[in-house]
Amino acid sequence: MGQAAVRNVKTVALPLLVRAVSTGALLGTFIGAGTSVFSTIQAALYPEQFGPWGMNGGQIFFIAILGLVIGAVAGLATGAGSVAALWIDASTSLSVVLPRALTAGLGAAAVTAVYTVIAFHTLGATGLALAGFGAGFAAVSGLLAAFHTRRLIRRYHSTGQKQAH
């Protein structure tokens, strides 16, 4: 099973990385724009407390673009974790029963937890908040990676069966 599984990982690796980068960029854009819009709404509703936080359209656009770039880089790291986990599992595992989507999700979650904890620790988070951010982002990225991997494996598996018949 080793060589066939490694070929399957090679087939799925590039589409999985593209999906991870696209999903990361999309989520980063929405998070950046959403927090900026929320901040602007707070500044408009409570100017005595949040007045300096208000942003104009250009600043919101800049934050959204910044979120896109950060999300794309984070998606690339998460996708690399998925591919690495699949690669390690395919080259060492002899069991067909291990779900590849779960393996990819765990790889993505592990990498995401590491870079999230490092990033938020750099920003000053400590203790339970740091663990919560790491676990939350890791859970989301692991689920998304498992979902994308499952869909890709099903697609490639079904097209391979159609060609064989």
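Just so it is clear, the structure is predicted and the values come from calculations on it, not from any experiment.

Brief notes about the overall build of the protein chain
From N to C terminus, the protein chain includes 5 helices and 0 strands. The order of helices and strands in the protein chain, counted from the N terminus, is α-α-α-α-α. A total of 165 residues make up the protein chain; the buried ones form 33% of that total. Taking as baseline every contact in the protein chain between residues at least 6 positions apart, the subset at least 24 positions apart corresponds to 75%.

A word on the environment of Thr-149
Counting through the fold element by element, Thr-149 comes out in helix H5 (residues 127-164). Classification of Thr-149 by relative accessible area gives buried; the value is 0%. In sequence terms Thr-149 and Leu-16 are 133 residues apart; their C-alpha atoms lie 6.7 Å from each other. Apart from residues no more than four positions distant in its own chain, Thr-149 is found in contact with Leu-16, Leu-86, Arg-100, Ala-101 and Ala-104.

Some remarks on a nonpolar patch on the surface
Together, Leu-27, Ile-31, Phe-133, Phe-137 and Val-140 make up an exposed nonpolar region whose accessible area comes to about 430 Å². Within the residue set of the nonpolar patch, elements represented by two or more residues are helix H1 (2-45) and H5. Broken down by element, the residue count for the nonpolar patch peaks at 3 residues, all from H5. Turning to its location among the elements, Phe-137 is positioned in helix H5. In this structure Phe-137 comes out as partly exposed when scored by relative accessible area, which is 37%.

What to know about the confidence of the model for the protein chain
Close inspection of predicted coordinates is inappropriate for parts of the model with low pLDDT. Confidence in the prediction for the protein chain averages 83 pLDDT; 85% of positions are at 70 or higher. When pLDDT is averaged over each element of the protein chain, helix H4 (residues 100-122) comes out on top at 91 and helix H2 (residues 47-50) at the bottom at 73.

Some thoughts on the packing of aromatic side chains
Applying the stated criterion to the full structure yields 2 aromatic pairs. Between Phe-120 and Phe-133 the ring centres are 4.2 Å apart and the planes differ by 10 degrees, which places this aromatic pair in the stacked class. Placement of the pair is Phe-120 in helix H4 and Phe-133 in helix H5, with a sequence separation of 13 residues. Note on Phe-120: relative accessible area 21%, which makes it partly exposed. A ring pair is formed by Phe-120 and Phe-137, whose centres lie 5.9 Å apart and whose planes are at 25 degrees; its orientation type is stacked. You can see Phe-120 sitting in helix H4 and its partner Phe-137 sitting in helix H5, a full 17 residues away along the chain. Members of the aromatic cluster, joined through ring pairs, are Phe-120, Phe-133 and Phe-137.

Let's talk about the packing of helix H3 (residues 57-92) against H4
In the contact formed by H3 and H4, the axes pass within 7 Å of each other and the chain directions differ by 135 degrees. For the element pair H3 / H4, the angle class is oblique. H3 and H4 meet at a crossing whose hand is right-handed. Contacts between H3 and H4 pair Ala-74, Ala-77, Thr-78, Gly-81, Ser-82, Ala-85, Leu-86 and Asp-89 from the former with Arg-100, Thr-103, Ala-104, Gly-107, Ala-108, Val-111, Thr-112 and Tyr-115 from the latter. Counted by class, the contact of H3 with H4 contains 8 nonpolar, 6 polar and 2 charged residues.

Rules used in this analysis
- Within each chain, residue numbers correspond to sequence positions counted from 1 in written order.
- Totals for whole chains, interfaces and linings use all residues, but because this is a predicted model, local features are given only for residues with pLDDT of at least 70 and pairs of side-chain atoms are given and counted only at 80 or more.
- Values reported for side chains reflect all heavy atoms of the structure, with hydrogen atoms and water molecules removed beforehand.
- Starting at the N terminus, helices and strands are each numbered in turn, a helix being any DSSP run of H or I of at least four residues and a strand any DSSP run of E of at least two.
- The rule is simple: take the accessible area with a 1.4 Å probe, protein chains only, and divide by the maximum for that residue type; under 20% is buried, over 50% is exposed, in between is partly exposed.
- Contacts are assigned to residue pairs that have any heavy atoms within 4.5 Å of one another.
- Each patch groups residues whose relative accessible area exceeds 30% and which form no salt bridge, using 9 Å between like charges and 5 Å between nonpolar side chains of Val, Leu, Ile, Met, Phe, Trp and Tyr.
- Working definition of accessibility: Shrake-Rupley area with a 1.4 Å probe, residue cover restricted to the visible protein chains.
- Criterion for a salt bridge: a side-chain nitrogen of Lys or Arg within 4 Å of a carboxyl oxygen of Asp or Glu.
- The predictor reports its confidence for every residue as pLDDT, a score running from 0 up to 100.
- Aromatic pairs are defined between Phe, Tyr and Trp rings, using the six-membered ring for Trp, whenever the two ring centres lie within 6.5 Å; interplanar angles under 30 degrees are classed as stacked, those over 60 as edge-to-face, and all others as tilted.
- Helix axes use the C-alpha atoms of the stretch in contact, all axes being lines fitted to C-alpha atoms, and the angles between their N-to-C directions lie in the range 0 to 180 degrees.
- Here is the rule for angles: anything less than 35 degrees is roughly parallel, anything more than 145 is roughly antiparallel, 65 through 115 is roughly perpendicular, and the remaining ranges are oblique.
- Handedness of each helix crossing follows the sense of rotation of the near helix against the far helix: counterclockwise by less than a right angle gives left-handed, clockwise gives right-handed.
- Residues are sorted three ways: Asp, Glu, Lys and Arg are charged, Ala, Val, Leu, Ile, Met, Phe, Trp, Tyr, Cys and Pro are nonpolar, and all the rest, Gly among them, are polar.

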